[in-house]
Amino acid sequence: MEESFEVALTVNGTHRTARVPARRLLSDLLRHDLGLTGTHVGCEHGVCGCCTVLLDGEPVRSCLMFAVTAAGHEVTTVEGLAAEDGTPSPVQRAFRDCHGLQCGFCTPGFLCTVTALLRETPHPTEDQVLEGISGNLCRCTGYQNIVKSVHRAADLLSEES
């Protein structure tokens, strides 16, 4: 029988704990143990980026990370990007307004990735946007509206500051 561990971490601003097997992935902890199903699992190899969440503000592939390694850290999922009152973040609003999504499966990973990208590079060039989102795959779009969404989000963030 596999040993289990108590994992305590902050998820979307709330302290959470769960007892999980040592080999439980962070994506599974979030989805199955904590009920945060916004984090999607696509390829399960870290290639598609659908499972991207923010770990201490940095994007990580939750399908490649054991949950126990997130203990003591802060995780932000797509559910935690909006304001406390439910108002969508500027990145979320930009994706909605610029039609930066189609089926929505890849969208949570893109939203987390772009949130981190714009925190690091508030006014990205076209090349910086393309490089910044290059680790996320969308099977529905040609990326044009995703790129537009990133630029619009940068404008919204600039307006708010």
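Cut-offs and rules
- Residues numbered from 1 in each chain as written.
- Predicted model: local features only at pLDDT ≥ 70, side-chain atom pairs only at ≥ 80, totals over all residues.
- Heavy atoms only, no water.
- Buried < 20%, exposed > 50% of the residue type's maximum accessible area, 1.4 Å probe, protein only.
- Helix = DSSP H or I, 4+ residues; strand = E, 2+ residues; numbered from the N terminus.
- Contact = heavy atoms within 4.5 Å.
- Axes fitted to C-alpha atoms, helices over the stretch in contact; angles between N-to-C directions.
- Parallel < 35°, antiparallel > 145°, perpendicular 65-115°, else oblique.
- Left-handed = near helix turned anticlockwise from the far one by under 90°.
- Nonpolar A, V, L, I, M, F, W, Y, C, P; charged D, E, K, R; others polar.
- Core = buried A, V, L, I, M, F, W, Y, C linked by side-chain atoms within 4.5 Å.
- Domains from an automatic or database assignment.

Draft legend 1. Region of the structure containing helix α2 (residues 90-97). Across the eight residues of α2, six count as buried, placing the element largely inside the fold. Taken together, the buried residues of α2 touch α3 (107-120) and α5 (144-160). Residue H99 follows α2 closely and has a positive phi angle near 55°.

Draft legend 2. View of the packing of α3 against α5. It is the contact of α3 with α5, at a shortest axis distance of 11 Å, that shows an interaxial angle of 45°. The pairing of α3 with α5 is recorded here as oblique in orientation. In this structure, the crossing between α3 and α5 has a hand that is right-handed. Across the interface between the two elements, F110, V114, L117 and L118 from α3 touch I146, V150, A153, A154 and L157 from α5. Class assignment of the residues belonging to the contact of α3 with α5 gives a composition of nine nonpolar, no polar and no charged.

Draft legend 3. Up close: the side chain of Q92. Relative to the helices and strands, Q92 is located in helix α2. Classification of Q92 as buried rests on a relative accessible area of 17%. The residues touching Q92, leaving out its near neighbours within four places in the chain, are V78, L81, A82 and L111.

Draft legend 4. Expanded view of the nonpolar core. V91, F95, F110, V114, L118, I133 and V150 are the most contacted members of the largest nonpolar core, which has 25 residues in total. For this core, the secondary-structure elements that each account for two or more residues are α2, α3 and α5. Broken down by element, the residue count for this core peaks at seven residues, all from α3. When residues of this core are sorted by domain, at least three fall in each of domain 1 (4-80) and domain 2 (90-160). When neighbours within four sequence positions are excluded, F110 is seen to be in contact with F95, I133, N136, L137, C138, Y143 and I146. Membership of the second largest hydrophobic core comes to 17 residues, among which are L29, V60, M65 and V75.

Draft legend 5. The arrangement of the packing of α2 against α3 in detail. In contact at an axis separation of 9 Å, α2 and α3 are set at 125° when each is read in the N-to-C sense. What the angle tells us is that α2 and α3 run oblique. Crossing geometry of α2 relative to α3 is assigned as right-handed. For the pair α2 and α3, contact is made by V91, Q92 and F95 and by F110, L111, V114, T115 and L118, respectively. Tallied by class, the residues present in the contact of α2 with α3 amount to six nonpolar, two polar and no charged.

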